[in-house]
Amino acid sequence: MKILGRVALLGAIATLGMTATSALLAHGDVTPQAVDTSALPEIGDTWLEKNPYSGNAKAIEIGQSAYGQNCARCHGLDAESGGIAPDLRYLEAGESGDQWFAERFRHGSSHDGKVYMPPFGDVLGQKAGWAIRAWLETKHEG
Ligand code: HEC
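Reading the values: rules and limits
- Residues numbered from 1 in each chain as written.
- Predicted model: local features only at pLDDT ≥ 70, side-chain atom pairs only at ≥ 80, totals over all residues.
- Heavy atoms only, no water.
- Near = heavy atom within 4 Å.
- Polar contact = N/O pair within 3.5 Å; in protein donor to acceptor, adjacent residues only side chain to side chain.
- Helix = DSSP H or I, 4+ residues; strand = E, 2+ residues; numbered from the N terminus.
- Donors = N, O, S within 2.8 Å, 3.2 Å for Na, K, Ca; no water.
- Tetrahedral: all angles 85-135°; square planar, octahedral: opposite > 155°, others 65-115°.
- Buried < 20%, exposed > 50% of the residue type's maximum accessible area, 1.4 Å probe, protein only.
- Expected span 1.5 Å × (residues − 1).
- Arc of directions from axis to C-beta.
- Contact = heavy atoms within 4.5 Å.

- Identification of the protein chain as Cytochrome c domain-containing protein from Sphingomonas bisphenolicum is taken from an unreviewed UniProt entry.

This is the structure:
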């Protein structure tokens, strides 16, 4: 009976392990979570070169939650990367940082036929993108 119990336990552990692995492999496919940006000033559809919400408290609040739902699983909780993806606290500040941020947010990153980061521009939209950037600015480290 004792041995049988142990076998069952090992089986359970193996199953758990497999579930964790498939969750990891599914990383890139997780559906983006919609972000309610209705409280933020309208900025049109054409992508801007510079974050219009920089320092905007409401945008920072929305950006924090949008980041948690869409980016943290790769870039780490509270923007502290565990190593899977770049640590966004070190993203360049100012306008050239804004442009690089927008480039990655909109188009993601793929090479050699593999998706490293999915594109978010069309699904979440420009307002959500800049809100996330506004929050990231509060976490910036040189
Ligand atoms: C599936 C994992 C994944 C998710 C989800 C993800 N990213 Fe990324 N991101 C990456 C990887 C991997 C890279 C590095 C890509 C490369 O260098 O080719 C990256 C790169 C970036 C960069 C450029 C960083 C640099 O130092 O060059 C920015 C900015 C960025 N991501 C923002 C975001 C934002 C904002 C979100 C959420 C809306 C997000 N990412 C969601 C994996 C992810």
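Next comes the rest of the account.
**A closer look at the site of the ligand**
Thought 1: Neighbouring the ligand are 22 residues; C71, C74, H75, S109 and M117 lie closest to it.
Thought 2: For the ligand, a nitrogen atom lies 2.8 Å from a polar atom in the side chain of H75.
Thought 3: At a separation of 2.7 Å, an oxygen atom of the ligand approaches a polar side-chain atom of W100.
Thought 4: For the shell around the ligand, the secondary-structure elements that each account for two or more residues are α3 (72-75), α4 (94-107), β1 (109-111) and β2 (114-117).

**Observations concerning the coordination of the iron atom of the ligand**
Thought 1: Listed as protein donors to the iron atom of the ligand are H75 (NE2) and M117 (SD); their distances from the metal cover 2.0 to 2.2 Å.
Thought 2: The site at the iron atom of the ligand holds 6 donor atoms, and with the angles between them running 85 to 179°, its shape is octahedral. Of this pair, H75 sits in helix α3 while M117 sits in strand β2; the two residues are 42 residues apart in sequence, bridging distant segments of the chain. There is no split in this pair, since H75 and M117 are both buried.

**Describing unusual backbone geometry**
Thought 1: For A79, which is not glycine, the phi torsion reads 70° and is therefore positive.
Thought 2: With respect to the helices and strands, the residue A79 is situated in the loop between α3 and α4.
Thought 3: Assessed through its relative accessible area of 0%, A79 is described here as buried.
Thought 4: Despite not being glycine, D112 shows a phi value in the positive range, around 50°.
Thought 5: Structurally, D112 is set in the loop between β1 and β2.

**A few points about helix α2 (residues 57-70)**
Thought 1: The first and last C-alpha atoms of α2 sit 20 Å apart over 14 residues, in line with the 20 Å expected at 1.5 Å per residue.
Thought 2: Among the residues of α2, those classed as buried are A59, I60, I62, G63, A66, Y67 and N70. Axial view of α2: buried residues confined to an arc of 165°, hence all on one face.
Thought 3: Each element contacted by the buried residues of α2 is listed here: α3 and α5 (121-138).

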